[in-house]
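Breakdown of the fold
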Number of protein chains: 2
Amino acid sequence: MSEITIKFLAEKLNLASSTVSRALNDSHEISDKTKKRVLDLAKSLNFQPNANARSLREQKSKTIGVIVPDRVNNFFNLVIEGLESVCREEGYSLIVYNSYEDVEQEKKIIYSLLGGKVDAVVISLADEEKEVQHLEWLREKNIPILFFDRVARHVSGLKYTTNDLESAYLATKHLLDKGCKKVAFLGLSNTSSVGKARQDGFIKAHIEHGLVYDKNLLIGFGHDDIENQKVLEKLFYKINRPDGVLAAAEKLGIATLRALHNLRIKIPEQVRIVSFTNMQFADLLSPALSTIAQPAFELGSTCAKELIRGLKSKNINLFEEKKIELPSKFTIRDSSK
Amino acid sequence: MSEITIKFLAEKLNLASSTVSRALNDSHEISDKTKKRVLDLAKSLNFQPNANARSLREQKSKTIGVIVPDRVNNFFNLVIEGLESVCREEGYSLIVYNSYEDVEQEKKIIYSLLGGKVDAVVISLADEEKEVQHLEWLREKNIPILFFDRVARHVSGLKYTTNDLESAYLATKHLLDKGCKKVAFLGLSNTSSVGKARQDGFIKAHIEHGLVYDKNLLIGFGHDDIENQKVLEKLFYKINRPDGVLAAAEKLGIATLRALHNLRIKIPEQVRIVSFTNMQFADLLSPALSTIAQPAFELGSTCAKELIRGLKSKNINLFEEKKIELPSKFTIRDSSK
DNA sequence: AAAAAAATCGGAAACGATTGCACAATATTG
DNA sequence: CAATATTGTGCAATCGTTTCCGATTTTTTT
């Protein structure tokens, strides 16, 4: 592509390419005079050292791979935003991949990352139980893996999560306090520590209230929005329908709203709703939706900070097990009042 | 990082590294027998050729740089999703950058891309008038630039836009037909062809209706959401406030909704609203919001297809001026009925 | 069966940057 | 002023692939 290289600059200035390289990297062993000569010419030619050559030599690419199950989701979006805000400052680039909630896709992506394309991987798993073999691949190649939200159970490493159990507990308690007698828990049916924790919080609140929860009201959903909505409409069409809902995923909260709208069921009079979500417009929905918002941006930024700290210093071991939990924010609005 | 290289494989198999390389790339000049020997060993070791070495040698990175003014925005998000859907199939990676609506940031990003990090750049400009010098840098380095939505006026290239003038015209006509007498046009005040086209459509509808639009109702906004909302509340607090709004950006539509809610102004009885937006929950807002949704995903996917076609064949010139316009979708909901 | 063609593979030079080592020129010290 | 330390620069190897040229062997053709 670009004809202009360090060697080219060196010839122009009657210097060795090593000298030019050192000058560009502000090495102490180059005189200020030649440094300036080099910098001036480089600037005037918009010279940028070849990234691939540098990466090859340095054995690091200064880019980080990010894998999320659903890129369009607000939560993951904000995490990525948080990651990028820190990485940009530190000169790292992000390559974001979407696994589409599919472990096979995830495997393919990771396999493609085994050739030194990225210095580390930040991932929220598509499914936590199915397989972890592809995570071992990264291990073998000595590429650090950091987890967030949907973290790996049987692989050690840095893990960033939120206080899901507590949040779900608080929300459920809130619904029960408001007088709900039949609260449904809507979760995604993939095996995830997040879903499990939220369900545990849900159950804990029931126990504390001296209630037995109906196991039929712990409902698992797939990723087909249309299908999910049908299931929900069926659920709420019943005579003994739930009078409260804790949606453990944004898409489920939305689907519930749509279902209830279609059935002309009044919120919160007939059914109260609280949903996990990071959408920015929850206060503008009809009715304003009570939400549990995860600290997505902070999750991303703190994760990136530790990651880069680790990549820079040889003292920090990014493979060591370490769990960080950040608190979500529970906001009560009209949908559960 | 990874000790295992082509040379390593070659030694293990008593072959030359050139042979191994060819075998991995399925060259016709390698016998099926040795091909299989190589592939088998490579697979069993999870071998993936070093991406940086390959990129250096091939002089192409198989990654594409994407620059958007606002990554969290639904529209840009969906465009990225569309880009990725195609690029993934073709083995290309995406590095996404956020210019935060700031030309200076944009310049920095582009400068950092001058070293062969990406094979091409897909961009929606932060501001179309301010400067184009940094776009010329890419030219000099022979890196193709494709534009979408906010395209460059004075730089030739592939440009993907939507039918903004027509969409705005239709929406405005709809508002006027509904009886609105004072419709406000809310736009972002950066100089963009998009904003200009939407404003032109707005004006065109007025002219066709035999109305003169009030120039004071062509209102430009910045990027501070709080500030914008204040301006809007002031606007609608007036006695002779507008009775219709065409918001040319998602954030402005949202801010308008919030402002009207705060002022207890009824929608659509007192003020009708139509907003450009790609949010997925417009039907769940209170009231359901009339929207003009750009074909974001298609924009991204068609752009990526043409880009990759161009990168592959030497016949297609990606620097040639070529405009593609895709139609948006206007959906009337309660907010303007 | 000799000649030509094709099929397989190896050697070595790139791609562009970084860096350990060597060496010269200058500055500092005894 | 000689000996040593410091400073500034050049040489050459290296990172891991790909590919141009040959070289050798095998197959096909005349």
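Just so you know, the residues in each chain are numbered from 1, in the order the chain's sequence is written. Lettering for chains starts from A, numbering for ligands starts from 1, and both go in the order in which the items are written. Reporting in this predicted model follows two pLDDT cut-offs: at least 70 for local features of residues, and 80 or more for side-chain atom pairs to be given and counted; totals over whole chains, interfaces and linings ignore these cut-offs and use all residues. Hydrogens and water molecules were not included; the side-chain quantities draw on all heavy atoms of the structure.

As annotated in an unreviewed UniProt entry, chain A is LacI family DNA-binding transcriptional regulator from Belliella kenyensis.

Points about the overall build of chain A
Convention followed: Helix and strand definitions here come from DSSP, where helices need a minimum of 4 consecutive H or I residues and strands a minimum of 2 consecutive E residues; each element is numbered from the N-terminal end. As defined in this context, the radius of gyration uses C-alpha atoms, and a globule is described by 2.2 Å times the residue total to the power 0.38. Two residues form a contact once any of their heavy atoms are found within 4.5 Å. Surface accessibility follows the Shrake-Rupley procedure with a 1.4 Å probe radius. Residue values consider only the protein chains on display as shielding. Positive: Lys, Arg. Negative: Asp, Glu. His and the chain ends are not part of the count. Working definition for charges: the position is that of NZ of Lys, CZ of Arg, CG of Asp or CD of Glu.
For chain A, the count of helices and strands is 12 helices and 12 strands. For chain A, the C-alpha radius of gyration of 25 Å lies well beyond 20 Å, the compact-globule estimate for 337 residues. Based on the C-alpha atoms only, the size of chain A along its principal axes is roughly 90 × 40 × 30 Å. Restricting to contacts in chain A with at least 6 residues of sequence separation, those with at least 24 account for 73%. Put simply, chain A shows about 15,100 Å² of open surface, and 50% of that area lies on carbon and sulfur atoms. Here chain A contributes 49 positive and 44 negative side-chain charges, whose respective centroids are spaced 2 Å apart.

Some points on the protein's contact with DNA strand C
Which entries qualify depends on this criterion: Throughout, the term near means that a residue has one or more heavy atoms lying within 4 Å of the molecule or strand in question. In protein, a polar contact requires one atom able to donate a hydrogen and another able to accept it; more generally it is a pair of N or O atoms within 3.5 Å, and residues adjacent in sequence count only if both atoms are side-chain atoms.
In the vicinity of DNA strand C there are 27 residues, among which A:I6, A:S21, A:R57, B:T19 and B:R22 approach most closely. A share of 65% is what sugar and phosphate atoms reach among the atoms of DNA strand C within 4 Å of the protein. A distance of 3.4 Å separates a base nitrogen of DNA strand C from a polar backbone atom of A:A53. Here a phosphate oxygen of DNA strand C and a backbone polar atom of B:A16 are 2.8 Å apart. Looking at the surface near DNA strand C element by element, the count peaks at four residues for helix α4 (residues 51–58) of chain A.

Things to note about the UniProt feature "domain: HTH lacI-type" (unreviewed entry) in chain A
For clarity, the cut-off: UniProt positions are given in the numbering used here, feature names are shortened, and annotations may be inferred rather than shown by experiment.
In the numbering used here, UniProt assigns the feature "domain: HTH lacI-type" (unreviewed entry) to residues 4–58 of chain A. Annotation note: span residues 4–58 of chain A, helix share 67%, strand share 0%, distance between end C-alpha atoms 21 Å.

Brief notes about the interface of chain A and chain B
Put simply, the rule is: Buried area counts how much accessible surface, traced with a 1.4 Å probe, disappears from two parts once they are put together, with both parts' losses summed. Definition used for salt bridges: Asp or Glu carboxyl oxygen within 4 Å of a side-chain nitrogen of Lys or Arg. Note that Gly is not counted as nonpolar here; it falls among the polar residues with everything else outside the nonpolar set of Ala, Val, Leu, Ile, Met, Phe, Trp, Tyr, Cys and Pro and the charged set of Asp, Glu, Lys and Arg.
Each side of the interface is counted separately: chain A has 56 residues, and chain B has 56 residues. In this assembly, chain A packs against chain B so that about 5,400 Å² is buried in total across both faces, 49% of it on carbon and sulfur atoms. Taken together, chain A and chain B are joined by six salt bridges. The partner of B:E84 in a salt bridge is A:R71, and the shortest N-O contact between them spans 3.2 Å. The interface formed by chain A and chain B holds 25 residue pairs in polar contact (both at pLDDT 80 or more) in total. When contributions to the side of chain A that touches chain B are tallied by element, the ones reaching two or more residues are α4, α5 (74–89), β2 (93–98), α6 (103–112), α7 (133–140) and α11 (250–262) of chain A. Considered class by class, the residues forming the side of chain A that touches chain B number 25 nonpolar, 20 polar and 11 charged.

Regarding the packing of aromatic side chains
In plain terms, the rule: Two rings from Phe, Tyr or Trp (for Trp, the six-membered ring) form a pair when their centres sit within 6.5 Å of each other. Planes less than 30 degrees apart are called stacked, planes more than 60 degrees apart edge-to-face, and all others tilted. Throughout, exposure labels follow a simple rule: accessible area from a 1.4 Å probe, protein chains only, divided by the maximum for the residue type, with under 20% read as buried, over 50% as exposed, and the rest as partly exposed.
This model, assessed by the stated rule, comprises 10 aromatic pairs over all chains. Between the aromatic rings of B:F75 and B:F148, the centroid separation amounts to 6.5 Å while the plane-to-plane angle is 55 degrees, which identifies the pairing as tilted. Here the residue B:F75 occupies a position in helix α5 (residues 74–89), and B:F148 occupies one in strand β4 (residues 145–148), the gap between them amounting to 73 residues. B:F148 sits in the buried class, given a relative accessible area of 2%. Seen in terms of ring centroids, B:F185 and B:F202 are 5.4 Å apart; in terms of plane orientation they differ by 50 degrees. Their pairing is tilted. Placement of B:F185 in strand β6 (residues 183–188) and of B:F202 in helix α9 (residues 193–208) is noted, with a sequence separation of 17 residues between them. Accessibility expressed as a relative area gives 2% for B:F185, which makes it buried. Through a chain of ring-to-ring contacts, three or more aromatic side chains come together here, namely A:F75, A:F76 and A:F148.

Things to note about the sheet that holds strand β8 (residues 244–247) of chain B
Residue and element names in this part refer to chain B. To keep it simple, the criterion reads: Strands are treated as partners if at least two bridges between them are detected by DSSP. The convention used is that axes are lines fitted to C-alpha atoms, helices contributing only their stretch in contact, and that angles between N-to-C directions extend from 0 to 180 degrees.
On the basis of which strands lie adjacent, the open sheet formed by six strands has the order β7-β6-β8-β9-β10-β12 and mixed pairing. On the outer flanks of this sheet lie β7 (218–221) and β12 (329–331), each paired with one strand and no other. Sheet twist, expressed as the mean angle between neighbouring strand axes with direction ignored, is 15 degrees. Judged from the three bridges that link them, strand β9 (residues 272–276) and strand β10 (residues 290–293) form a sheet pairing that is parallel. The residue bridging S275 from the neighbouring strand is T291, located in β10. Its contacts with the sheet place helix α11 (residues 250–262) against β6, β7, β8 and β9, and it is angled at close to 155 degrees to β9.

Observations regarding the domain arrangement of chain A
All names here are of chain A. Put simply, the rule is: In this document the domain limits rely on a domain assignment from an automatic tool or a database.
In terms of domains, chain A is made up of domain 1 (6–49), domain 2 (59–161 + 296–326) and domain 3 (164–295 + 330–336). On a C-alpha basis, the centres of domain 2 and domain 3 stand 29 Å from each other. Opposite the 18 residues of domain 2 that make contact, domain 3 presents 13 residues. Carbon and sulfur atoms make up 44% of the area that domain 2 and domain 3 hide from each other, which totals about 1,300 Å². Put simply, domain 2 and domain 3 have zero salt bridges between them. Linking domain 2 with domain 3 are eight residue pairs in polar contact (both at pLDDT 80 or more).

Quick look at the pairing of β9(B)
Residue and element names in this part refer to chain B. For the record, the criterion: Orient the strands so they point away from the viewer; a crossover is then right-handed if the path from the first strand over the helix to the second runs clockwise.
Among the five residues of β9, five are classified as buried, and the element is accordingly described as predominantly covered. Residue alternation in β9 divides its side chains into two sets, R272, V274 and F276 and I273 and S275, and both sets are buried. Note: β8 against β9, four bridges, orientation parallel. In the sheet register, A247 faces β9, and the bridge partner there is S275. Between the parallel pair β8 and β9, the chain is carried across by α11, and the sense of this crossover is right-handed.

A short note on unusual backbone geometry
Most of the time, phi is negative for any residue but glycine, and the peptide bond is trans. In the segment running from B:I267 into B:P268, the intervening peptide bond is cis, with an omega of 0 degrees. Of note, B:P268 is situated in the loop between α11 and β9. Residue B:P287 is bonded to the preceding B:S286 through a cis peptide linkage, with omega at -5 degrees. Topologically, B:P287 is positioned in the loop between β9 and β10. Even without being a glycine, A:Y100 presents a positive backbone phi close to 50 degrees. Mapped onto the secondary structure, A:Y100 falls in the loop between β2 and α6. Non-glycine residue A:N142 carries a positive phi angle of around 65 degrees.

What about the sheet that holds strand β10 (residues 290–293) of chain A?
Residues and elements named next belong to chain A. Here six strands make up an open sheet; going across it, the order is β7-β6-β8-β9-β10-β12 and the pairing mixed. The sheet terminates laterally at β7 (218–221) and β12 (329–331), the two strands that pair on one side only. Within the sheet, the average angular offset between the axes of one strand and its neighbour, ignoring direction, is 15 degrees. Bridge count for strand β6 (residues 183–188) against strand β8 (residues 244–247) is four bridges, and the pairing is parallel. Bridge pairing links A184 to V245 in β8. Across the sheet, helix α9 (residues 193–208) lies against β6, β7, β8 and β9 (272–276), angled at about 170 degrees from β6, the strand it touches most.

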